[in-house]
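Analysis of the macromolecular model
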Amino acid sequence: MAYDELARLVASSEDAEHGKGSSPEHIKAAEETLGVRFPSEYVHFLGDFGWLAIGAAEIFGLGEDAPPYLDVVGMTLAERRDQQPSLPNNLVPVMNDGGGNLYCLDCASPGGSIVLWGHVGEMREVCVSFSRWLMGVVEVDSIAG
């Protein structure tokens, strides 16, 4: 139910820019490239919206129309390859906080919780699901905007 509420909120937001969505084949190819299985809520988000920009928040995703800096595959591979300490393989970044820290899906957790990966390698869970986390981001940016 949380995803349905999130989808309605994003679709009705005047401040939201998002993609056209991504195909199941493109989503599966992304999972294979990254060696993870995305949580179902993120799969729905990718299929419906692809990526999202709302206020200052930019959510990584997929799609032919996704800007390169919001491409979840490219961003994940770059963080795994180029950063020290490197991003663990079970984490998939979905948003940069602007200070070098990443909000990430923990694809090893049962529900796909969101963790904050600090640029010095510390990690802490911030929300139990992608939809609940993004709902908070969208609501905060809607109020601030």
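In case you missed it, the structure is sitting above this.
This report concerns the structure included in the present document. Because the structure is a prediction, the values reported are computed rather than measured.

1. A few points about the overall build of the protein chain
Along the backbone of the protein chain there are five helices and seven strands. In the protein chain, the order of α-helices and β-strands from amino to carboxyl end is α-β-α-α-β-β-α-β-β-β-β-α. Relative to the compact-globule value of 15 Å for 145 residues, the protein chain shows a C-alpha radius of gyration of 14 Å, a close match. Its C-alpha atoms give the protein chain principal-axis dimensions of roughly 40 × 35 × 30 Å. Out of the 145 residues belonging to the protein chain, those deemed buried represent 50%. Considering only contacts in the protein chain between residues 6 or more positions apart, those separated by 24 or more positions represent 48%. Split by element, the accessible area of the protein chain, about 7400 Å² in all, is 51% carbon and sulfur. Separation between the mean location of the 8 positive side-chain charges and that of the 22 negative ones in the protein chain comes to 6 Å.

2. Considerations on the side chain of Glu79
Take Glu79: it is sitting in helix H4 (residues 72-82). Summary of buried charges: Glu79 has no salt-bridge partner, and the nearest side chain of opposite charge, Arg81, is 9.2 Å away. If we ignore the near neighbours within four places in the chain, the residues touching Glu79 are Ser86, Leu87 and Leu102.

3. Structural notes on the nonpolar core
Ranked by internal contacts, the top residues of the largest apolar core, which has 41 residues, are Phe38, Tyr42, Phe45, Leu52, Phe130, Trp133 and Leu134. If you tally residues by element for this core, the top one is helix H5 (residues 130-144), at six residues. Once residues lying within four places of it in the same chain are set aside, the contact partners of Phe45 are Tyr3, Gly50, Trp51, Leu52, Ile59, Phe60, Phe130 and Leu134. Leu91, Leu102, Val115 and Trp117 belong to the second-largest nonpolar core, a separate cluster that totals six residues.

Scoring rules and cut-offs
- Residues numbered from 1 in each chain as written.
- Predicted model: local features only at pLDDT ≥ 70, side-chain atom pairs only at ≥ 80, totals over all residues.
- Heavy atoms only, no water.
- Helix = DSSP H or I, 4+ residues; strand = E, 2+ residues; numbered from the N terminus.
- Rg over C-alpha atoms; globule rule 2.2 N^0.38 Å.
- Buried < 20%, exposed > 50% of the residue type's maximum accessible area, 1.4 Å probe, protein only.
- Contact = heavy atoms within 4.5 Å.
- Areas by Shrake-Rupley, 256 points an atom, 1.4 Å probe, with all protein chains shown as cover.
- Lys, Arg positive; Asp, Glu negative; His and termini not counted.
- Charge placed at Lys NZ, Arg CZ, Asp CG, Glu CD.
- Salt bridge = Lys/Arg side-chain N within 4 Å of Asp/Glu carboxyl O.
- Core = buried A, V, L, I, M, F, W, Y, C linked by side-chain atoms within 4.5 Å.

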